[in-house]
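Summary of structural features
Below are the chains, spelled out letter by letter.
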Amino acid sequence: EEAEKTAAIHATMLRELNHRVKNSLQMIQALIRLQRGKPGGPDLDEVTARVQAIAVIHDLLYQTSGTFDVDFAEMLRRIGASEAIAPPEGRVEVAVEAEPLELDVAIATPLALCAVELLTNATKHAFDEAGGRVTVSLRSRGDGRAVLAIADNGRGLPQEEGRRSGLRVVEALVRQVDGELRVN
């Protein structure tokens, strides 16, 4: 009886994991389609960074025992350390200051992709050849919600309202988790 119960739990977890992988692959496909539509063709570094973020999520899931929660602070540290985000030759430092926070993978995945998008944009567009610093912070508000902030000491957003597809991606992902986006 105990063996049957354990087998049923494992079968349920395997179905859930397969569902998560399917959702992640669909998200990758959508992100690649977005890149394909960019003038000048897709930016393979951005695609690589996004796929790597999803791989980190699955790696952290694999390391957990029987849950679908991931350590989001650890995920942010791994994303921030990625050379796909901030290549060493770019002279951009990414500092992550994150409180421990366990999140369901359904929330962690879109938030990780937000972080990837914002970090990629900052490292590519915020600095001149001298480089700079991007800070990622994660703190709990104490009401069951948290604040994820990504800030840089670069030149700031351009005044003109040019094409900002990256920000539209972030807005959509934030809506997916019932969050709020503030751009300063």
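First things first, this report covers the structure right here in the doc. Bear in mind that the values here come from a model prediction, so they are computed numbers and not experimental data.

**Here's the deal with the overall build of the protein chain**
Along its length, the protein chain carries five helices and five strands. In the protein chain, the succession of α and β elements from N to C terminus is α-α-β-α-β-β-α-β-β-α. Within the protein chain, buried positions represent 34% of all 184 residues. Considering only contacts within the protein chain whose residues lie at least 6 apart along the sequence, 67% involve residues at least 24 apart. Roughly 11,200 Å² of accessible area belongs to the protein chain as shown, and the carbon and sulfur atoms make up 52% of that amount.

**Here we look at the nonpolar core**
Among the nonpolar cores identified, the biggest contains 25 residues, and Phe72, Met75, Leu76, Ile79, Leu119 and Val134 are the most heavily contacted of them. Those elements that place two or more of their residues in this core are helix H3 (72-81), strand S2 (92-98), helix H4 (105-125) and strand S4 (132-140). Broken down by element, the residue count for this core peaks at seven residues, all from H4. Non-local contacts of Leu119, meaning those with residues more than four positions away in its chain, are made with Ile79, Ile85, Val94, Val134, Val136 and Ile150.

**Regarding the pattern of salt bridges**
A complete count under the given rule lists six salt bridges for this structure. When the shortest N-O distance is used, the salt bridge between Glu74 and Arg78 registers 3.3 Å. On the criterion of helical spacing, the pair formed by Glu74 and Arg78 is a turn pair, its members being four residues apart in helix H3. With relative accessibility at 25%, the residue Glu74 sits in the partly exposed group.

**Some points on the pairing of S4**
Bridge count between S2 and S4: seven bridges; the pairing is parallel. Following the sheet pairing, Val92 is matched in S4 by Gly132. For S4 and strand S5 (residues 146-152), the ladder comprises seven bridges, and the chain directions are antiparallel. Paired with Thr135 across the two strands is Ala151, which belongs to S5. Once S4 ends, the chain turns through five residues before running back antiparallel as S5, passing Gly142 with a positive phi of about 90°.

**Points about H3**
Listing the buried residues of H3 in full gives Phe72, Ala73, Met75, Leu76, Ile79 and Gly80. For H3, the arc enclosing every buried residue in end-on projection is 160°, short of the 170-degree limit, so these residues lie on one face. Capping the start of H3, Asp71 holds a side-chain oxygen 3.2 Å from the backbone nitrogen of Ala73, two or three residues further along.

Calculation criteria
Residues numbered from 1 in each chain as written. Predicted model: local features only at pLDDT ≥ 70, side-chain atom pairs only at ≥ 80, totals over all residues. Heavy atoms only, no water. Helix = DSSP H or I, 4+ residues; strand = E, 2+ residues; numbered from the N terminus. Buried < 20%, exposed > 50% of the residue type's maximum accessible area, 1.4 Å probe, protein only. Contact = heavy atoms within 4.5 Å. Areas by Shrake-Rupley, 256 points an atom, 1.4 Å probe, with all protein chains shown as cover. Core = buried A, V, L, I, M, F, W, Y, C linked by side-chain atoms within 4.5 Å. Salt bridge = Lys/Arg side-chain N within 4 Å of Asp/Glu carboxyl O. Pairing = 2+ DSSP bridges. Arc of directions from axis to C-beta. Polar contact = N/O pair within 3.5 Å; in protein donor to acceptor, adjacent residues only side chain to side chain.

So yeah, pure geometry; function would need other evidence.
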